[in-house]
Amino acid sequence: MSAIAVTNISKSFGKVRAVSDLSFTVGSGTVTAFLGPNGAGKTTTLRMILGLVKPDRGTATIHGTPYLHLRRPNTTVGAVLEATSFHPGRTARAHLTALCVASGLSTDRVGQVLDQVGLAAGDRRVGGFSLGMRQRLALASALLGDPAVLILDEPANGLDPEGIHWLRGFLRALAAGGCTVLVSSHVLAEMSVVADRVIVVNKGRLVVEAPMADFGDLEEAYLELVKEW
Ligand SMILES: Nc1ncnc2c1ncn2[C@@H]1O[C@H](COP(=O)(O)OP(=O)(O)OP(=O)(O)O)[C@@H](O)[C@H]1O
């Protein structure tokens, strides 16, 4: 069974057709790059997989079950979406502890995920965090339930070169441990070294779904594919 299966989903916002009859699957233990131009429908698709947006048609499942029907969603799938906000007066540790309590998870996880994402500033208030530190905290939040599936919307945003290098190793290590990662990004050079598979969408539709090895130069292939649409 696919870790994630999207089947014929469509979503319009008023007259805007954000996603149109889109289908793809994501295999277990892989890093899959989810690519497409601005407005292609990536975030809307990720939000539909996560039960945050209701599709007009079609289904999205995680290990065969729609997100909203998962018995323990926090331990099945973790997500980092754009514009994650944190209470500025709280420390990272307090933020993660509150999430553990709200989700019925052991607070032992707090120290573990802070270590996992390399966030040494756990006792500092989040209001003073850089964008890169916020990204790491968002990742730490997503990892609290030790999920088998991780969905990330532009996680390299705001990371410095060292952070991007770290994220690469981090995602590969997660996949090596059996975690399934679906990651949207505009940073093609980075995706070409981190992802096993590629899904390209444009104007809400599937352009291509293929192993990274099929692409040669990802940037060149992507620009050609998107130009044709
Ligand atoms: N809540 C909403 N209300 C109205 N329109 C929306 C909403 N969410 C998305 N859209 C529209 O749907 C289309 C797809 O947007 P989406 O954010 O899914 O694209 P994207 O591929 O994630 O883009 P980007 O790479 O810029 O983040 C766009 O035209 C966007 O303006």
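For the structure, see preceding data.
Quantities reported herein were computed from a predicted structural model and do not represent experimental measurements.

Colleague: Would you mind going over the overall build of the protein chain in detail, with residue names and values included?
Modeller: The number of helices and strands found in the protein chain is 8 helices and 9 strands. By the compact-globule yardstick of 17 Å for 229 residues, the protein chain fits well, its C-alpha radius of gyration being 17 Å. Expressed along its principal axes, the backbone C-alpha trace of the protein chain runs to roughly 50 × 40 × 35 Å. Out of the 229 residues belonging to the protein chain, those deemed buried represent 38%. Of the contacts made within the protein chain by residues no fewer than 6 positions apart, 69% connect residues no fewer than 24 positions apart.

Colleague: Pulling in residues and values, what's your account of the pairing of strand β6 (residues 149–153)?
Modeller: Most of β6 sits inside the fold, with 5 of its 5 residues counted as buried. Where burial is concerned, the two faces of β6 agree: the one with Val149, Ile151 and Asp153 and the one with Leu150 and Leu152 are both buried. Examined bridge by bridge, strand β5 (residues 77–80) and β6 share 4 bridges and lie parallel to one another. In the strand pairing of β6, valine 77 is matched with valine 149. For β6 and strand β7 (residues 180–184), the ladder comprises 5 bridges, and the chain directions are parallel. Its bridge partner lying in β7, isoleucine 151 is registered against leucine 182. You can see the chain leave β6, run along helix α6 (residues 161–176) and come back into β7, and the turn it takes is right-handed.

Colleague: Tell me about the sheet that holds β5, and name the residues and values.
Modeller: In spatial order, the strands read β5-β6-β7-β3-β8-β9; together these 6 strands make up an open sheet with mixed pairing. Both outer strands of the open sheet, β5 and β9 (205–211), are each paired with one neighbouring strand and no more. For this sheet the average axis-to-axis angle between neighbouring strands, irrespective of direction, equals 15°. Its contacts with the sheet put helix α1 (residues 42–49) on β3 (31–35), β6, β7 and β8 (197–202), and the angle it makes with β6 is roughly 150°. Against the sheet, helix α5 (residues 131–143) makes contact with β5 and β6, and its axis sits at roughly 165° relative to β5, the strand it touches most.

What counts and how
Each chain carries its own residue numbering, running from 1 in the direction its sequence is written. Only residues with pLDDT of 70 or above have their local features reported here, since the model is predicted, and side-chain atom pairs are shown and tallied only from 80 upward, although totals for entire chains, interfaces and linings are computed over all residues. Secondary structure elements are defined from DSSP: runs of H or I of at least 4 residues count as helices, runs of E of at least 2 residues count as strands, and each element is numbered from the N terminus. The globule rule used here is 2.2 Å times the number of residues to the 0.38 power, and the radius of gyration it is set against is calculated over C-alpha atoms. Any residue surrounded by 20 or more other C-beta atoms within 10 Å of its C-beta is treated as buried, while 12 or fewer makes it exposed and the intermediate range makes it partly exposed; C-beta atoms here are placed from the backbone. By definition, residue pairs are in contact when their C-beta atoms, positioned from the backbone, come within 7 Å. For two strands to be treated as a pair, DSSP must find at least two bridges joining them. When the strands point away from the viewer, a crossover counts as right-handed if the route from the first strand across the helix to the second turns clockwise. Lines fitted to C-alpha atoms define the axes, with helix axes restricted to the stretch in contact, and inter-axis angles between N-to-C directions lie between 0 and 180 degrees.

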